[in-house]
Amino acid sequence: MKRMKRVKKAKKTYQDGIFRTLFNDEEKLLELYNALSGSNYPKGTKIEIITLEDSIFGDLKNDLAFIIDGKLIILIEHQSTINPNMPVRMFVYLAKQYEELVFSKGIYSKYRVKLPAPELYVFYNGMEEQPLEQELKLSDSFAQKCGKIAVEVVVRVINVNYEKGAEILKRCQALQQYSRFMYLIRRKRQETGGFADRH
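Per chain, residues are indexed from 1 in the order of the written sequence. For this predicted model, a pLDDT threshold of at least 70 governs which residues receive local features, and a threshold of 80 or more governs which side-chain atom pairs are given and counted, while totals over whole chains, interfaces and linings are taken from all residues. The side-chain quantities take in all heavy atoms of the structure and omit both hydrogens and water.

Engineer: Got a minute to help me understand empty space enclosed by the protein in this structure?
Structural biologist: The gaps left among the atoms become clear once a water-sized probe is rolled over them. Cavities and pockets were defined on a 1 Å grid built from protein atoms only: a cavity is a group of points that admits a 1.4 Å probe but offers it no way out, a pocket is an open group of points flanked by protein on both sides within 12 Å along at least five of seven lines, and a lining residue is one with an atom within 4 Å of any such point. Grid points are joined across faces, edges and corners, and a volume is the space filled by probe spheres set on the points. Applying the stated rule across the entire model yields one cavity of 30 Å³ or more. Estimated volume of the largest cavity: approximately 40 Å³. Every residue along the wall of the largest cavity is listed here: Asn-125, Val-160, Asn-161, Tyr-162, Glu-163, Ser-179, Met-182, Tyr-183 and Arg-186. Of the residues assigned to the lining of the largest cavity, the class counts are four nonpolar, three polar and two charged. Following the grouping adopted for this structure description, the nonpolar residues are Ala, Val, Leu, Ile, Met, Phe, Trp, Tyr, Cys and Pro, the charged ones are Asp, Glu, Lys and Arg, and the polar ones are all others, Gly among them.

Below you can see the structure in the form of structure tokens.
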């Protein structure tokens, strides 16, 4: 049992490692964000990568975080299972990012601190059947439903499995290459009797 957990953790680590390495590049991030948002930011647009290397979750890291054109924080997680707690995690990631960005800039002063507006994404490439797109909300986790929600977090989940043919794969060559690579690895693993992508 312990060996299986170690193997699954190693597999998740290499998948995340490939994803983070591939997109640890301003040009690819620009292509990715343009595909995600339908924007047309030109080549050379300033991008600041701010991915958290250590978070309050211990050794759990977020895959990608960056500010584009001084306006947006993008948090992108690569997942092979749908995690209903992702809005909670994103909420804490976001708070941590804001703390690092603005805590020393007078948040206790009478002047409003300007914050980059967040957009939150998850790329799903697991084997369970999932829609091409769905939303996860923080309010779905509230123990009691309330008429007026004081805090909400909405995470856009996109199914990037190569065989599903998501529109974003047509708009972002780097993501398409990553998706196809994962697809070919999964097929090879199935042909040779390897275990499925479940963790």
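Engineer: I'm lost on the nonpolar core in this one. Help?
Structural biologist: Buried together is how nonpolar side chains tend to be arranged in soluble globular proteins. We define a nonpolar core as any set of buried Ala, Val, Leu, Ile, Met, Phe, Trp, Tyr and Cys residues linked to one another through side-chain atoms lying within 4.5 Å. For the exposure calls, accessible area comes from a 1.4 Å probe over protein chains only, and a residue counts as buried if that area is under 20% of its type's maximum, exposed if over 50%, partly exposed in between. Core analysis: the largest hydrophobic core is formed by 28 residues, its most contacted members being Phe-23, Leu-32, Ile-76, Phe-123, Ile-168 and Leu-175. Taken together, the elements giving at least two residues each to this core come down to helix H2 (26-37), strand E2 (64-68), strand E3 (72-79), strand E4 (117-124), helix H4 (167-171) and helix H5 (173-191). In DSSP terms, a helix is any run of H or I states spanning at least four residues, a strand is any run of E spanning at least two, and both are numbered starting from the N terminus. For this core, the element with the highest residue contribution is H2, accounting for six residues. Among all residues touching Ile-168, those that are not within four sequence positions of it are Leu-32, Ala-35, Leu-36, Phe-123, Ile-158, Val-160 and Leu-175. If you look at the next biggest cluster of nonpolar residues, it comprises 21 residues, including Leu-52, Leu-75, Met-86 and Leu-138. We call two residues contacting when some pair of their heavy atoms lies within 4.5 Å.

Engineer: Quick question: what am I supposed to make of the sheet that holds E2 here?
Structural biologist: Within a beta sheet, neighbouring strands are joined by backbone hydrogen bonds and run either parallel or antiparallel to one another. Only strands joined by at least two bridges in the DSSP assignment are considered to pair. What the six strands build is an open sheet, ordered E1-E2-E3-E4-E6-E5; its pairing is mixed. The sheet is open, and its two borders are formed by strand E1 (47-49) and strand E5 (133-137), each paired with just one other strand. With direction set aside, neighbouring strand axes in the sheet form an average angle of 25 degrees. Pairing analysis gives three bridges linking E1 to E2, with the strands arranged antiparallel. Bridging from a neighbouring strand, Ile-49 pairs with Phe-66 of E2. The strands that helix H3 (residues 86-102) touches are E2, E3, E4, E5 and strand E6 (154-159); relative to E3, the one it contacts most, it runs at about 140 degrees. Note on geometry: axes are lines fitted to C-alpha atoms, helical ones only across the stretch in contact, with angles between N-to-C directions running from 0 to 180 degrees.

Engineer: How do you make sense of the confidence of the model for the protein when you look at a structure like this?
Structural biologist: Fine structural detail should not be taken from predicted coordinates in areas where pLDDT scores are low. On average, residues of the protein score 84 in pLDDT, and 83% of them reach the 70 mark or higher. By definition, pLDDT measures how confident the predictor is in each residue, and it falls between 0 and 100. Confidence over residues 2-11 falls short of pLDDT 50; this stretch has 10 contacts with residues more than four positions distant or in other chains.

Engineer: Where do I start with the pairing of E3 in this structure?
Structural biologist: Most of E3 is tucked away: eight of the eight residues are buried. The alternating pattern of E3 places Leu-72, Ile-74, Ile-76 and His-78 on one face and Ile-73, Leu-75, Glu-77 and Gln-79 on the opposite face, and all of these are buried. Judged from the five bridges that link them, E2 and E3 form a sheet pairing that is antiparallel. Across the sheet, the residue bridging to Ala-65 is Leu-75, located in E3. Hairpin remark: E2 followed by E3, antiparallel, with three residues in the connecting loop; positive phi at Asp-69, about 55 degrees.

Engineer: Explain the packing of aromatic side chains here, please?
Structural biologist: For any two aromatic rings, the description comes down to two numbers: the centre-to-centre distance and the angle of the planes. Centres within 6.5 Å make a pair out of two Phe, Tyr or Trp rings, where for Trp the six-membered ring is used; the pair is then stacked when the planes are under 30 degrees apart, edge-to-face when over 60, and tilted otherwise. Counted under the stated rule, the structure contains five aromatic pairs. Look at Phe-19 and Phe-23: their rings are 5.3 Å apart centre to centre, the planes differ by 55 degrees, and that puts the pair in the tilted class. The exposure classification of Phe-19 matches that of Phe-23, with both residues buried. The rings of Phe-19, Phe-23, Phe-123 and Tyr-178 are connected pair by pair, giving a single aromatic cluster.

Engineer: Just to check I follow, could you spell out the pattern of salt bridges for this structure?
Structural biologist: Close approach of charged atoms allows side chains of opposite charge to pair. Any carboxyl oxygen of Asp or Glu that lies within 4 Å of a side-chain nitrogen of Lys or Arg is treated as forming a salt bridge with it. As enumerated under the stated definition, the model contains seven salt bridges in all. Lys-71 serves as the salt-bridge partner of Asp-69, at 3.7 Å between the closest nitrogen and oxygen. Lys-71 gets classed as partly exposed once you look at its relative accessible area, which sits at 44%. Salt-bridge contacts for Lys-96 lead to Glu-99; the nearest nitrogen and oxygen are separated by 3.8 Å. Taken as a pair, Lys-96 and Glu-99 lie in helix H3 at a separation of three residues, close to a single helical turn.

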